[in-house]
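Below, each chain spelled out in residue letters.
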Amino acid sequence: EFMRLSPRRVAFLLYLWQKILTIMRKSIITLFILAVTVVSASAQPRAIGLRIGACGFEADYQHSMEKNQFIQGNLGLDFGYNANGVPGVKAAAIYNFIWARPAWTDKGSWALYAGPGAVLGYVNDDVHYKAADGRNVITYLDNGFMLGICGQVGLEYSFWFPLQLSVDLRPVIGMHINGGYTSSN
């Protein structure tokens, strides 16, 4: 025999069905927005990331200029010698050239790159050297602005999904403009 439903049960089932449709509609819209975001992010010539080094870490931004060139900007904390317990701040801008794309793996892509750049910042260094008499050690607290040029050479691997890992070497030649002082120990 056919089951009879009271008007109250019918109203409740209609209410429940409307809630299920609303949740499904929101889920489909959310999944669509997520898919469009992932596809558009992987198609962009830009990348952001984190650079971890011997003296600190930096936020990293890369922008592709042409097929084999990209600019890179970094802003980060420099722990260096950390003379006064407060990390320094530095920024770098590098123009990189990709000079080789070896086919070492089936998935993803490899690239070797190098380029010149400039670095500036405010750093805190604690420098020690021997005095002219050869016995006393002079301590010089170097707190001030830093300006320099750099060169970068690196190897990167771009996965088949939106992730890239790289290893690089970035020596800096520069000068400190400071208000430091000397004291002997």
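So, how was this worked out
- Residues numbered from 1 in each chain as written.
- Predicted model: local features only at pLDDT ≥ 70, side-chain atom pairs only at ≥ 80, totals over all residues.
- Heavy atoms only, no water.
- Helix = DSSP H or I, 4+ residues; strand = E, 2+ residues; numbered from the N terminus.
- Buried < 20%, exposed > 50% of the residue type's maximum accessible area, 1.4 Å probe, protein only.
- Contact = heavy atoms within 4.5 Å.
- Areas by Shrake-Rupley, 256 points an atom, 1.4 Å probe, with all protein chains shown as cover.
- Pairing = 2+ DSSP bridges.
- pLDDT = per-residue confidence, 0-100.
- Phe/Tyr/Trp six-rings, centres within 6.5 Å; stacked < 30°, edge-to-face > 60°.
- Lys NZ or Arg CZ within 6 Å of the ring centre and 35° of its normal.
- Core = buried A, V, L, I, M, F, W, Y, C linked by side-chain atoms within 4.5 Å.
- Salt bridge = Lys/Arg side-chain N within 4 Å of Asp/Glu carboxyl O.

K.L.:
Help me understand the overall build of the protein chain, please; the structure alone is not making it clear to me.
P.N.:
On a plain count of helices and strands, the protein chain comes out with 1 helix and 9 strands. What you see in the protein chain, going N to C, is helices and strands ordered as α-β-β-β-β-β-β-β-β-β. In the protein chain, buried positions account for 22% of the 185 residues. Of the contacts formed within the protein chain by residues at least 6 apart in sequence, a portion of 49% connects residues at least 24 apart. Here the protein chain has roughly 13300 Å² of accessible surface; of this, 67% comes from carbon and sulfur atoms.

K.L.:
Got a minute to help me understand the pairing of strand β1 (residues 46-52) in this structure?
P.N.:
Strand residues, when the strand is regular, have side chains that alternate between the two faces of the sheet. For β1 and strand β2 (residues 56-66), the ladder comprises 7 bridges, and the chain directions are antiparallel. Residue Ile52 lies in a different strand from β2, and its bridge partner there is Phe57. Hairpin connection between β1 and β2: a loop of 3 residues separates the two successive antiparallel strands.

K.L.:
Would you explain the side chain of Glu58 in this entry?
P.N.:
Locating Glu58 in the fold gives a position in strand β2. The residues contacting Glu58, other than those within four sequence positions of it, are Gly49, Leu50, Arg51, Asn74, Leu75, Gly76, Lys90 and Arg170.

K.L.:
I would appreciate a short explanation of the confidence of the model for the protein chain in the present structure.
P.N.:
This prediction gives the protein chain a mean pLDDT of 83; 84% of its residues lie at or above 70. Looking across the protein chain, the model is least confident in strand β9 (residues 181-184), with a mean pLDDT of 48, and most confident in strand β4 (residues 88-100), with 93.

K.L.:
How do you make sense of the pairing of β2 when you look at a structure like this?
P.N.:
Looking at chain direction, β2 and strand β3 (residues 69-78) are connected through 10 bridges and run antiparallel. Bridge pairing links Glu66 to Gln69 in β3.

K.L.:
Even after reading the chapter, I still don't get the packing of aromatic side chains, so can you show me in this structure?
P.N.:
The description of an aromatic ring pair uses the distance of the two centres, along with the angle that the planes make with each other. Under the counting rule described, the total for this entry stands at 10 aromatic pairs. With a centroid separation of 4.8 Å and an interplanar angle of 50°, the aromatic rings of Trp110 and Tyr157 are classed as tilted. Placement of Trp110 in strand β5 (residues 109-130) and of Tyr157 in strand β6 (residues 137-158) is noted, with a sequence separation of 47 residues between them. Given the relative accessible area of 12%, Tyr157 is considered buried. Pairwise contacts between aromatic rings join Trp104, Trp110, Tyr157, Phe159, Trp160 and Phe161 into one cluster. Its end group placed over the ring of Trp160, Lys107 keeps NZ or CZ at 4.8 Å from the ring centre.

K.L.:
What exactly am I supposed to notice about the nonpolar core here?
P.N.:
A general feature of soluble globular proteins is that nonpolar side chains tend to end up buried together. Formed by Ala92, Ile94, Val119, Val123, Met146 and Cys150, the largest nonpolar core amounts to 6 residues. Going through the elements one at a time, β4, β5 and β6 are the ones with two or more residues in this core.

K.L.:
Help me out: how do you make sense of the pattern of salt bridges in this one?
P.N.:
Any two side chains of opposite charge can pair, so long as their charged atoms come close to each other. Counted according to the given criterion, the structure contains 3 salt bridges. Measuring nitrogen to oxygen at the nearest pair gives 3.6 Å for the salt bridge that ties Glu58 to Arg51. Arg51 carries the same exposure label as Glu58, and that label is buried. Note that Arg51 is salt-bridged to Asp168, the shortest N-O span being 2.5 Å. Of the two residues, Arg51 sits in strand β1 while Asp168 sits in strand β7 (residues 164-169), which places them 117 residues apart along the sequence. Judged by relative accessible area, Arg51 falls into the buried class, the value being 18%. Looking at Asp168, the relative accessible area reads 23%, which means it is partly exposed. If you follow the salt bridges from partner to partner, you end up with Arg51, Glu58, Asp168 and Arg170 in one network.

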